[in-house]
Amino acid sequence: MLLLTSNAYNIFWLGRYLARIHFLCQYLPLEDDQHAQQLISALYLPAYDAASLTALLLDPEQPASFNQQFQMAYDNVQALRGVLSAQSYAELNAMFKYAKGSASSICQVISDVEAVLESESHDVFLFFSLGKYIEDLDQALRMQQDPTDVINQLEIIAKALQSYACTSFLEAWQAFRQQPELSTFHGLNTQLQQSLGVAV
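Notes on the structure follow. (Residues numbered from 1 in each chain as written. Predicted model: local features only at pLDDT ≥ 70, side-chain atom pairs only at ≥ 80, totals over all residues. Heavy atoms only, no water.)

Okay, unusual backbone geometry next. In the segment running from L28 into P29, the intervening peptide bond is cis, with an omega of -5 degrees. Position of P29 among the secondary structure elements: in the loop between α1 (5-25) and α2 (33-43). Residues other than glycine seldom take positive phi values, yet Y44 does so here, at roughly 55 degrees. A relative accessible area of 62% places Y44 in the exposed class. Phi is positive for Q144, close to 55 degrees, though the residue is something other than glycine. Residue Q144 is classed as exposed on the basis of its relative accessible area of 75%. (Helix = DSSP H or I, 4+ residues; strand = E, 2+ residues; numbered from the N terminus. Buried < 20%, exposed > 50% of the residue type's maximum accessible area, 1.4 Å probe, protein only.)

Structure, rendered in structure tokens:
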């Protein structure tokens, strides 16, 4: 399957949005102020304790809310209507329709949404996984968690990308491996965005 540049980009960002939602779902319900403040600091969110962070995440008007992130993921699914199989597209639409507007429902279906996408063609799976693990790496570094497992997964993906026109990203990836920290991640992320601007 030959992906257009825009399709690869949409698949990548679909992976990132879903991984971001999955990450936040792990922390609901937010009750501990100290833990909430760690999230607020790491994600640069305009909140100050568990209650205000919960309110922000549940407010559909806030860009960082579950609803907004889920809507952006849905928009990417719609952009991929001609790429995804008819069955996957129908299943995803049903899941998004079911969960829309409810953070708890979104958290219930997020793993099922990911499973549908992971069952798609090799190219879809590859760029979806790339987005998913790049987001996981971003979160691990921001939260000062051990990124080893995520880095190992991305190393597998990087090897699979060698047959695509992603040279600058692969070079940046090897540089990041030498110094895996948040400052070098920003350079890696920039190179990745540029690489996805090349036809694949």
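This next bit is on the pattern of salt bridges. Evaluated as defined, the whole model comprises 6 salt bridges. One salt bridge in this structure joins R20 and E135, with 3.0 Å as the shortest N-O distance. One end of the pair, R20, is in helix α1; the other, E135, is in helix α7 (residues 122-142), and 115 residues separate them in sequence. The closest approach of N and O atoms between E155 and R177, which form a salt bridge, is 2.9 Å. With E155 in helix α8 (residues 148-160) and R177 in helix α9 (residues 167-178), this pair connects stretches of sequence that are 22 residues apart. With a relative accessible area of 17%, E155 lands in the buried category. You can call R177 partly exposed: its relative accessible area is 32%. Ionic contacts of the salt-bridge type, sharing partners, join the residues R16, R20, E135, D138 and R142 into one network. (Salt bridge = Lys/Arg side-chain N within 4 Å of Asp/Glu carboxyl O.)

With that out of the way, let us pick up the layout of surface pockets. If you add up the space inside the largest pocket, you get close to 280 Å³. Looking at the lining of the largest pocket, the elements with two or more residues in it are α1 and α7. Broken down by element, the lining of the largest pocket gets its largest block of residues, 4 residues, from α7. Here the lining of the largest pocket is built from residues that sort into 7 nonpolar, 3 polar and 5 charged. (1 Å grid on protein atoms, 1.4 Å probe; cavity = no way out; pocket = protein on both sides within 12 Å on 5 of 7 lines; lining within 4 Å. Points joined across faces, edges and corners; volume = space filled by probe spheres on them. Nonpolar A, V, L, I, M, F, W, Y, C, P; charged D, E, K, R; others polar.)

So, to be careful, I would describe these as geometric facts and stop short of saying anything about function.
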